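# Descriptive structure summary
Chain by chain, the residues:
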Amino acid sequence: MGWFQGKAAVVTGAGMGIGRDTARILAAQGAAVMCADVNLDAAAGVVKLITDAGGQAAMVKTDVSDPKQCEEMVAATVKAFGGLHLAVNNAGISGGPLKTATHPIDDWRRIISVNLDGVFYSMRYEIPAMLETGGGSIVNVSSILGLVGFESSPAYTAAKHGVVGLTKTASIELAQQNIRVNSVNPGFIMTPMQTNQGVNTGDETYNYIAAKHPMNRFGNPQEVAYGIAWLLSDEASFLTGISMPIDGGYTAQ
Ligand code: NAP
């Protein structure tokens, strides 16, 4: 038994990092999990981890910046598992270091299209499926940069603030239709998003960014995934429209 026994879930960007640990924890708590990712090899790895552990999972190739693929992602989930109860809109790309005055226009559009449009497109199709199923719970993955500014990454910061606004609005729209909508706002987390940018534990960049968190470290993806799982669960049944920092104290300062 578990929090999500008999529930169907979709996780975007499930192949790596926060999405991967979230998919694993939801499955361990009994959910059937559709692992959606633009990187199908990575998604296949997560499906194998889940099924090897006795859980239920499937995968679908999805680029969340394409509304048609988001529609197909939800349809595939409903087809595979008979409905949709849980959604984690997590897929995202990094957005820096760039400055507003010199930001390449193409990069602006690309970052907004994945990190903000992608969350809207996903919700656009998840919500009708959840209403059809009888209700559900959505967690969008924003960032501390959805709550405060940063010295670089303007498109990323704008997109993540947009996710907070979208979350609040949808939560009000759906509050009486048995669908809760919340976001998590992680601090800096050691995932491939960071290591692919050359950040490694203990190096100069790591130490500089870690020091901005009162805990003086990056988080790990599991620490975010457990927060997501709790927000999705019935344990958080009176919570909707919140943006929950998971940030080692970054936004407490
Ligand atoms: P990650 O390690 O880069 O993993 C993200 C996964 O999403 C990858 O499998 C990636 O595939 C996939 N993806 C990228 N673009 C996609 C698209 N258009 N459609 C579907 N899937 C896509 O990232 P992460 O660090 O776990 O971040 C997950 C979320 O947390 C993001 O929204 C991010 O902004 C947010 N976040 C991260 C941090 C952090 O410090 N890591 C902090 C705050 C918030 P490819 O690798 O093939 O592109």
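Everything discussed here concerns the structure shown above.
If you're wondering where the values come from, they're calculated on a predicted model, not measured in any experiment. (Residues numbered from 1 in each chain as written. Predicted model: local features only at pLDDT ≥ 70, side-chain atom pairs only at ≥ 80, totals over all residues. Heavy atoms only, no water.)

## Details of the pairing of strand β1 (residues 8-12)
- Of all five residues in β1, five are buried, a share of seventy percent or more.
- Side chains of β1 alternate between two faces, with A8, V10 and T12 and A9 and V11 buried alike.
- Two strands pair when backbone bridges link them, and β1 and strand β2 (residues 32-37) are joined in this way by five bridges, in the parallel orientation. Its bridge partner being in β2, V11 is matched across the sheet by C35.
- What joins β1 to β2 is helix α1 (residues 17-28), and the crossover it makes is right-handed.
- In this structure, β1 lies alongside strand β4 (residues 86-89), joined through three bridges in parallel fashion. By the bridge assignment for β4, V10 is matched with A87. (Buried < 20%, exposed > 50% of the residue type's maximum accessible area, 1.4 Å probe, protein only. Helix = DSSP H or I, 4+ residues; strand = E, 2+ residues; numbered from the N terminus. Pairing = 2+ DSSP bridges. Right-handed = clockwise from strand over helix to strand, strands pointing away.)

## Some thoughts on the environment of V88
- Within the secondary structure, V88 is located in strand β4.
- The class of V88 is buried, set by a relative accessible area of 1%.
- Here the alpha-carbon distance between V88 and G13, two residues 75 residues apart in the chain, equals 9.1 Å.

## Looking at the side chain of S243
- Here S243 lies in strand β7 (residues 243-246).
- Within the structure, S243 has its side chain in polar contact with the side chain of S183 (distance 3.2 Å).
- When near neighbours in sequence (up to four residues on either side) are disregarded, S243 contacts L147, V164, S183 and N185. (Polar contact = N/O pair within 3.5 Å; in protein donor to acceptor, adjacent residues only side chain to side chain. Contact = heavy atoms within 4.5 Å.)

## Topic: the sheet that holds strand β5 (residues 136-141)
- Pairing within the open sheet is parallel, and its seven strands lie in the order β3-β2-β1-β4-β5-β6-β7. Each edge of the sheet is formed by a strand with only one pairing partner; in this case those strands are β3 (56-61) and β7. Between one strand and the next, the sheet's axes are offset by a mean angle of 20°, whatever the strand orientation.
- Note: β2 against β3, six bridges, orientation parallel. Note on β3: the bridge partner recorded for M34 is A58.
- Seen against the sheet, helix α2 (residues 40-52) touches β2 and β3 and runs at an angle of roughly 175° to β3. (Axes fitted to C-alpha atoms, helices over the stretch in contact; angles between N-to-C directions.)

## Here's the deal with the nonpolar core
- Judged by nonpolar contacts, the single largest core of 31 residues is most densely connected at A23, L26, V33, C35, V184, I228 and L232.
- The element best represented in this core is helix α8 (residues 221-232), accounting for six residues.
- Among residues more than four places away in sequence, those in contact with V184 are V139, N140, V141, S142, S143, V224, I228, L231, M244 and I246.
- Core analysis: the second largest hydrophobic core is formed by 22 residues, A8, A32, F81 and A170 among them. (Core = buried A, V, L, I, M, F, W, Y, C linked by side-chain atoms within 4.5 Å.)

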